[in-house]
Amino acid sequence: EIKERLTTAPILVLPDFQQPFELHSDASKECILYTDHEALKHLHSQDKVSARHASWVAYLEHFTFVVKHKSGVTNRVVDALSRRRSVLSRMIVELCIPDCSLRAHVIQQLHGKGHVGRERTLHLVQTSYFWPTIHKEVEKYVQRCKVCQVFNGTATNAGLLYMPLPILSQPWVDISMDFVLDLPLTQQDNDSIYVVVDRFSNMTHFIPYKKTTDVVRVAQLYFRETDGQTEVVNRSLGNLLRGSVGEHVKSWDHKLSQTEFAHNHAVNRSTGFSAFQVVYFVTPKGPLDLLPVPDKTRVHGKAIDFIHRLQEIHEAVHNNLEKAARKYKTVADRRRRHLDFEVGDFV
Ligand SMILES: [Zn+2]
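Note that the coordinates shown come from a computational prediction; the quantities given were computed from them, not determined experimentally. Note on numbering: residues in each chain are counted from 1, in written sequence order. Two thresholds apply to this predicted model, a pLDDT of at least 70 for residue-level local features and 80 or more for giving and counting side-chain atom pairs, whereas whole-chain, interface and lining totals are computed over all residues. Side-chain numbers here rest on the full set of heavy atoms in the structure, without hydrogens or water.

Here we look at the overall build of the protein
Move 1: Numbering of helices and strands starts at the N terminus; helices are DSSP runs of H or I of at least 4 residues and strands are runs of E of at least 2. Within the protein, the regular secondary structure consists of 14 helices and seven strands.
Move 2: Type-normalised accessible area, obtained with a 1.4 Å probe on protein chains alone, sets the label of each residue: buried when under 20%, exposed when over 50%, and partly exposed for intermediate values. Relative to its full complement of 347 residues, the protein shows a buried share of 30%.
Move 3: Residue contacts follow a heavy-atom distance rule, with two residues in contact if any of their heavy atoms lie within 4.5 Å. Pairs at least 24 residues apart make up 69% of the contacts formed inside the protein by residues separated by at least 6 positions.
Move 4: Of the roughly 23,700 Å² that the protein leaves accessible, carbon and sulfur atoms contribute 56%. Surface exposure here means Shrake-Rupley accessible area, sampled with a 1.4 Å probe, where a residue is shielded only by the protein chains that are shown.

Below, the structure written as structure tokens:
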């Protein structure tokens, strides 16, 4: 069976040459490395080396090997591989997971960091992984997640008619704030979380702190000014945070950055993008992503393209937010009473 696997696809598919190569071998005898990269031959005889170069040399010292140069003519195998480079560099890497406990582990890792909902979890998993029943398994997992069940209660809002705030077109112009108070006291002396949300990108920062009466007073003032939507957004965030705290009672402040990352990494339902995409254009690698180096296209891209694409995202987000607000208002108003106030009324 090993023989068959070694000679059939996908083992023989060419790798991505834009990525660094890691070759692990347990051969204890000296081995010979053939390369058409002549400079590598002089690896050990360099006088001046950069810090990066030096760390590679130090790493390679662990292995006994000899580098031999083979020109393109004699090294036909390598040459054939090099020529396929342009075709292969655009391949998108999606790991297919076989039917085993690894699937549940992947879902657990991606969902458990921030307890984002079904759609957002599915999107996170599908970015890097594939298997035929992926939809069903993600849905089942999120439905059965105990943390989500306990803390994601439905929002009840029997207040006034929903008055939407103006739709924005740029990140970090208008922010909303919230406080999650009276959590278990941690060893770092924190018992509350200060939540800051950018209303455009929905990028969120969680800042742990120790409650003081001042903060409570600010919170009370703030809540008089708030609109229904912000309150609802923050309530679900509060639930999410209480969920994460519940798992780590004494050290939740250490886990907060993970929750924050998960929240900003997952696609937001209202904007249609992840907060990272809207603010930075780039989606950072998650903890389960296998590729160790950042995407090279980002380094070599032109600034003007970067700006254009970011502008496109911002326009799309603006349109999506408008759509979401219209939809939200229709649904919200159906459940609420219309109240008229006269000057002098007590409210
Ligand atoms: Zn959950």
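Having seen it, we continue.
A short note on the environment of Leu-256
Move 1: By secondary structure assignment, the location of Leu-256 is in helix α11 (residues 252–265).
Move 2: Owing to a relative accessible area of 4%, Leu-256 belongs among the buried residues under this scheme.
Move 3: Taking the C-alpha atoms as reference points, Leu-256 and Lys-113, separated by 143 residues in sequence, lie 9.2 Å from one another.
Move 4: Ignoring anything within four residues of it in the chain, the contact list for Leu-256 reads Ile-193, Phe-206, Ile-207, Pro-208 and Leu-241.

Observations regarding the side chain of Asn-202
Move 1: Within the secondary structure, Asn-202 sits in the loop between β6 (192–198) and β7 (204–209).
Move 2: With residues near it in sequence (within four places) discarded, Asn-202 still touches Val-197, His-263, Asn-264, Asn-268, Thr-271 and Ala-275.

Topic: the side chain of Thr-204
Move 1: Inspection of the secondary structure puts Thr-204 in strand β7.
Move 2: Relative accessible area serves as the criterion here: at 0%, Thr-204 is assigned to the buried category.
Move 3: Pairs of N or O atoms are called polar contacts if they sit within 3.5 Å, as long as, within protein, a hydrogen donor faces a hydrogen acceptor (for residues adjacent in sequence, only side-chain-to-side-chain pairs). A polar side-chain atom of Thr-204 sits 3.1 Å from a polar atom in the side chain of His-263.

Section: the sheet that holds strand β5 (residues 175–180)
Move 1: By this definition, two strands are paired if DSSP reports at least two bridges between them. Across the sheet, three strands lie side by side as β5-β6-β7; this open sheet has antiparallel pairing. Two strands lie at the open edges of the sheet, namely β5 and β7, each paired on one side alone. Mean inter-strand twist for the sheet, computed between neighbouring axes without regard to direction, equals 20°.
Move 2: Across six bridges, β6 lies against β7 in antiparallel orientation. Geometry is summarised by axes, namely lines fitted to C-alpha atoms with helices restricted to the contacting stretch, and by angles between N-to-C directions that run from 0 to 180 degrees.

Quick look at the packing of aromatic side chains
Move 1: Planes of paired rings set the category: under 30 degrees apart is stacked, over 60 is edge-to-face and the rest tilted, where pairs are Phe, Tyr or Trp rings (Trp by its six-membered ring) whose centres lie within 6.5 Å. Counted according to the given criterion, the structure contains three aromatic pairs.
Move 2: Where Phe-261 meets Phe-276, the ring centres are 5.4 Å apart and the plane angle is 50°; that geometry is what we call tilted. Here Phe-261, found in helix α11, pairs with Phe-276, found in helix α12 (residues 275–280); they are 15 residues apart in sequence, far enough to count as distant.
Move 3: The class for Phe-261 is partly exposed, based on a relative accessible area of 26%.
Move 4: Ring geometry for Phe-281 against Phe-306: centres 5.5 Å apart, planes inclined by 85°, an arrangement best described as edge-to-face. Of the two residues, Phe-281 sits in the loop between α12 and α13 (296–300) while Phe-306 sits in helix α14 (residues 303–335), which places them 25 residues apart along the sequence.
Move 5: Through successive ring pairs, a cluster of aromatic residues spans Phe-261, Phe-276 and Tyr-280.

Some thoughts on α11
Because each turn of an α-helix spans 3.6 residues, side chains separated by three or four positions end up pointing in the same direction.
Move 1: Between its first and last C-alpha atoms α11 spans 20 Å; for 14 residues at 1.5 Å apiece the expected length is 20 Å, and the two agree.
Move 2: For α11, the full list of buried residues reads Trp-252, Asp-253, Leu-256, Thr-259, Glu-260, Ala-262, His-263, Asn-264 and His-265. Residue count minus one, scaled by 1.5 Å, sets the expected span of a helix.

Observations concerning the pattern of salt bridges
Move 1: The working definition used for a salt bridge is a side-chain nitrogen of Lys or Arg within 4 Å of a carboxyl oxygen of Asp or Glu. In this structure the tally under the stated criterion is four salt bridges.
Move 2: Salt bridges linked by common partners bring Asp-99, Arg-103 and Glu-137 together as one network.

Some details on the packing of helix α5 (residues 101–112) against helix α6 (residues 118–128)
Move 1: For the pair α5 and α6, interaxial distance at closest approach is 9 Å and the crossing angle is 125°. It follows that α5 is oblique to α6 by the angle criterion. Crossing of α5 against α6: the hand is right-handed. Between α5, through Val-106, Ile-107, Leu-110 and His-111, and α6, the contact on the second element is made entirely by Thr-121, Leu-124 and Val-125. Angle categories are assigned with fixed cut-offs, so that under 35 degrees is roughly parallel, over 145 is roughly antiparallel, 65 to 115 is roughly perpendicular, and the rest are oblique. By convention, the crossing between two helices is left-handed when the near helix turns anticlockwise from the far helix through less than a right angle, and right-handed when the turn is clockwise.

Concerning the pairing of β6
Move 1: With six of seven residues buried, β6 is to be regarded as a mostly interior element.
Move 2: The sheet contact formed by β5 and β6 spans six bridges and is antiparallel. By the bridge assignment, Asp-178 is partnered in β6 with Val-195.
Move 3: Hairpin connection of β6 to β7: five residues between the antiparallel strands, including Asn-202 at a positive phi of 65°.

Here's the deal with the packing of α5 against helix α7 (residues 134–144)
Move 1: It is the contact of α5 with α7, at a shortest axis distance of 10 Å, that shows an interaxial angle of 55°. Accordingly, the angle class assigned to the pair α5 and α7 is oblique. α7 is crossed by α5, and the crossing has right-handed handedness. On α7, the residues touching Arg-103, Ala-104, Ile-107, Gln-108 and His-111 of α5 are Glu-137, Val-138, Tyr-141 and Val-142.
Move 2: Taken together, the residues that form the contact of α5 with α7 break down as five nonpolar, two polar and two charged. Classification used: nonpolar for Ala, Val, Leu, Ile, Met, Phe, Trp, Tyr, Cys and Pro, charged for Asp, Glu, Lys and Arg, polar for all others including Gly.

Side note on the confidence of the model for the protein
Move 1: Note: pLDDT gives the predictor's confidence per residue, expressed from 0 to 100. Considering every residue of the protein, the mean pLDDT works out to 72; 57% of them sit at 70 or more.
Move 2: For the protein, per-element mean pLDDT is lowest for helix α4 (residues 85–88), which scores 38, and highest for α12, which scores 93.
Move 3: Considering only residues more than four positions removed or in separate chains, one finds that residues 78–91, a stretch of pLDDT under 50, has 15 contacts.
Move 4: Counting interchain partners and residues more than four positions distant, the pLDDT-below-50 stretch residues 224–229 has seven contacts.

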